[in-house]
Amino acid sequence: MARIVMKFGGTSMAGIERIRAVAARVKREVDAGAQVVVVVSAMAGETDRLVGFCREASALYDPREYDVVVSSGEQVTSGLLAITLQALGVPARSWLGWQLPIHTSGAFAKARIGAIDTAALARSLDNGEVAVIPGFQGTADGRITTLGRGGSDTSAVAIAAALKAERCDIYTDVDGVYTTDPRIVPRARKLAKVTYEEMLELASVGAKVLQTRSVGLAMKEGVRVQVLSSFTGPDAPMADTLPGTMIVSEEEVDTVERQLITGIAHDKNEAKITLTSVPDKPGAVAAIFAPLADAGINVDMIIQNVAHRSKGSEGGSTDVTFTVPAADLAHSLSVLDGGKATIGFDEVVHDSRVAKISVVGVGMRSHAGVAATMFTTLGLRGINVQAISTSEIKVSVLIDEDETELAVRVLHTAYGLDAEAA
């Protein structure tokens with residue numbers, strides 16, 4: 001008997017009517033003979049509301065008590081779904097994170113899953129019960145922990161791995177992974193399969209379909225993940241017959257049908273920082289980035305300009321440009337200002353009106369010219385490239401935010417990703 005994990009996000013659980021629709025979808029899987037575990041998020045907007053209460057209560061709240069509060073949203077939806085399933089005649093029970101238990105690190109509000117005890121859960125499934133588990137939560141040292149925002153996807157993948165489930169179905173408000181954002185490019189195509197590596201890159205550079213941690217865990221554990229829409233109507237067919245997107249190993253993707261580029265992603269949540277006249281000497285760059293790392297700020301693109309020397313001077317200087325998440329810009333500037341004497345730069349110039357555009361595809365491992373096509377295409381449309389970063393299957397550039405949509409559209413066409421009909 002196949003075991004599957006079904007994960008439903010906040011929009012799918014936003015109210016009793018939608019919970020009833022979820023219950024009906026779960027019942028169809030049970031009636032088809034599957035053992036089903038359901039992982040649920042809090043109702044849409046509920047976690048933000050609970051976070052607001054914590055901040056209103058105290059600006060310096062105890063993170064352990066914060067986790068008690070913000071984890072309650074998923075507890076409510078797990079209980080409501082179990083009740084709804086029971087009303088449909090489906091045996092079901094909820095399992096909170098501490099009841100399984102889901103063991104995590106003790107980093108409250110940003111815990112990481114260590115191990116999941118599945119013995120009791122497996123017995124329950126073998127007895128014909130549907131298990132409903134709140135995502136986003138676990139336990140450490142007898143206390144409730146949470147996994148950080150978006151952690152329910154990670155919960156679902158981790159549970160699927162622990163149970164050796166056939167697949168993990170992630171139900172969202174979109175019906176799969178597209179070659180780019182269909183709101184920008186109406187001729188974007190839905191992808192039948194995407195490799196773990198491609199999805200990890202797409203998620204890390206702006207695609208919002210799946211949370212990065214969940215994709216990384218799926219790749220590590222070999223969990224087949226399917227992205228589906230929970231809004232396909234009450235009479236939709238079974239999950240494995242729906243045209244969603246499967247996230248799988250590279251071996252599962254048909255090499256004959258694979259395209260050079262899988263998708264184009266964009267991210268406007270970037271800020272550019274330039275330090276001018278940084279001393280050109282060993283350790284200067286470390287003096288910039290070590291304090292940022294200590295502050296928990298993730299640096300992405302980095303450019304160090306050619307060093308220049310003043311006439312008659314023994315030493316030289318250079319400009320260093322890099323990007324950080326836009327939300328961390330103020331914190332980054334504060335850290336750099338505090339280290340100015342140590343670093344020795346002249347001034348800080350920053351710009352939050354930038355966007356990162358990325359082309360992703362495992363096909364570029366064996367094909368030359370991907371970057372050249374990108375730069376030529378953008379150049380022909382007068383789009384200036386401010387920074388570049390690459391990986392084995394990705395090329396990213398930083399451009400002016402106002403040119404984001406144009407860049408995505410022209411690159412989508414340049415790489416032959418447009419569907420034949422909109």
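Rules used in this analysis
Residue indices begin from 1 for each chain and proceed along its sequence in written order. It should be noted that, the model being predicted, local features are given only for residues of pLDDT at least 70 and side-chain atom pairs only at 80 or more, the latter also being counted only at that level, while totals for whole chains, interfaces and linings use all residues. The side-chain quantities take in all heavy atoms of the structure and omit both hydrogens and water. For helices, the fitted axis covers only the stretch in contact; all axes are lines through C-alpha atoms, and the angles between them, taken along N-to-C directions, range from 0 to 180 degrees. Starting at the N terminus, helices and strands are each numbered in turn, a helix being any DSSP run of H or I of at least four residues and a strand any DSSP run of E of at least two. Roughly parallel covers angles under 35 degrees, roughly antiparallel covers those over 145, roughly perpendicular covers 65 to 115, and oblique covers all other angles. Here a crossing is taken to be left-handed if its near helix is turned anticlockwise relative to the far helix by less than a right angle, and right-handed if that turn runs clockwise. Residue contacts follow a heavy-atom distance rule, with two residues in contact if any of their heavy atoms lie within 4.5 Å. Note on residue classes: Ala, Val, Leu, Ile, Met, Phe, Trp, Tyr, Cys and Pro are nonpolar, Asp, Glu, Lys and Arg are charged, and everything else, Gly too, is polar. To qualify as a nonpolar core, a set must consist of buried Ala, Val, Leu, Ile, Met, Phe, Trp, Tyr and Cys residues joined through side-chain atoms within 4.5 Å. Exposure categories follow from relative accessible area, calculated using a 1.4 Å probe and restricted to protein chains: below 20% of the type maximum is buried, above 50% is exposed, and the middle band is partly exposed. When the centres of two rings from Phe, Tyr and Trp lie within 6.5 Å, Trp using its six-membered ring, the rings pair. Their planes under 30 degrees apart give stacked, over 60 give edge-to-face, and anything left gives tilted. The rule for a charge over a ring is simple: NZ of Lys or CZ of Arg within 6 Å of the ring centre, and within 35 degrees of the ring normal. Two N or O atoms form a polar contact when they lie within 3.5 Å of each other; inside protein one atom must be a possible hydrogen donor and the other a possible acceptor, and for residues adjacent in sequence the pair counts only when both atoms belong to side chains. Picture the helix axis, draw a direction to every C-beta atom, and the arc is the one those directions span.

Caption draft 1: The packing of helix α1 (residues 16-31) against helix α4 (residues 72-87), seen in detail. Relative to each other, α1 and α4 sit at 60°, their axes nearing to 9 Å. By the criterion of interaxial angle, the relationship of α1 to α4 is oblique. Judged by the twist between their axes, the crossing of α1 over α4 is right-handed. Here Ile16, Ile19, Arg20, Val22, Ala23 and Val26 of α1 come into contact with α4, specifically with Leu80, Leu81, Thr84 and Leu85. Per-class residue counts for the contact of α1 with α4 are 8 nonpolar, 1 polar and 1 charged.

Caption draft 2: The arrangement of the nonpolar core in detail. In terms of nonpolar packing, the biggest core is built from 37 residues, with Val5, Ile133, Ile159, Cys168, Val225 and Ile247 touching the most fellow members. The biggest single contributor to this core is helix α6 (residues 151-163), with 7 residues. Not counting residues within four places of it along the chain, the set of residues in contact with isoleucine 247 comprises Val177, Val194, Thr195, Tyr196, Met199, Leu210, Val223, Arg224, Val225 and Val227.

Caption draft 3: Region of the structure containing the packing of aromatic side chains. The final tally for this structure, using the stated rule, is 3 aromatic pairs. Relative to tyrosine 66, the ring of tyrosine 61 has its centre 4.9 Å away and its plane inclined at 15°; by these criteria the two rings are stacked. For tyrosine 61, a relative accessible area of 30% puts it in the partly exposed group. Residue classification places tyrosine 66 among the buried residues on the basis of a relative accessible area of 12%. Consider the rings of phenylalanine 289 and phenylalanine 322, whose centres lie 5.0 Å apart with planes at 75°: the pair is edge-to-face. Of this pair, phenylalanine 289 sits in helix α9 (residues 284-294) while phenylalanine 322 sits in strand β16 (residues 316-325); the two residues are 33 residues apart in sequence, bridging distant segments of the chain. Take phenylalanine 289: its relative accessible area is 16%, and that puts it in the buried class. Given a relative accessible area of 0%, phenylalanine 322 falls into the buried group. Of note, arginine 93 hangs over the ring of tryptophan 95, and the distance from its end group to the ring centre comes to 3.6 Å.

Caption draft 4: Quick look at the packing of α6 against helix α8 (residues 212-221). Contact geometry for α6 and α8: axes closest at 8 Å, N-to-C directions at 15°. Relative to α8, the element α6 lies roughly parallel. Pair α6 / α8 crosses with left-handed handedness. On the side of α6, the interface is formed by Asp153, Thr154, Val157, Ala158 and Ala161, while α8 contributes Arg213, Ser214, Leu217, Ala218 and Glu221. Tallied by class, residues from the contact of α6 with α8 come to 5 nonpolar, 2 polar and 3 charged.

Caption draft 5: Expanded view of the environment of lysine 272. Structurally, lysine 272 is set in strand β13 (residues 263-279). C-alpha of lysine 272 to C-alpha of methionine 219: the two residues are 53 residues apart in sequence and 31 Å apart in space. Non-local contacts of lysine 272, meaning those with residues more than four positions away in its chain, are made with Thr321, Phe322, Thr323, Val349, His350, Asp351, Val354, Gln386 and Leu398. Among the polar contacts listed, one links the side chain of lysine 272 to the side chain of glutamine 386, at a separation of 2.7 Å.

Caption draft 6: Spatial organisation of helix α5 (residues 119-126). Regarding α5, the residues found buried are Leu121, Ala122, Ser124 and Leu125. Here the buried residues of α5 occupy an arc of 160° about the axis, which is enough to place them on one side. The outward face of α5, more than 90 degrees from its buried face, is lined by the exposed residues Arg123 and Asp126. Residue glycine 128 follows α5 closely and has a positive phi angle near 90°.

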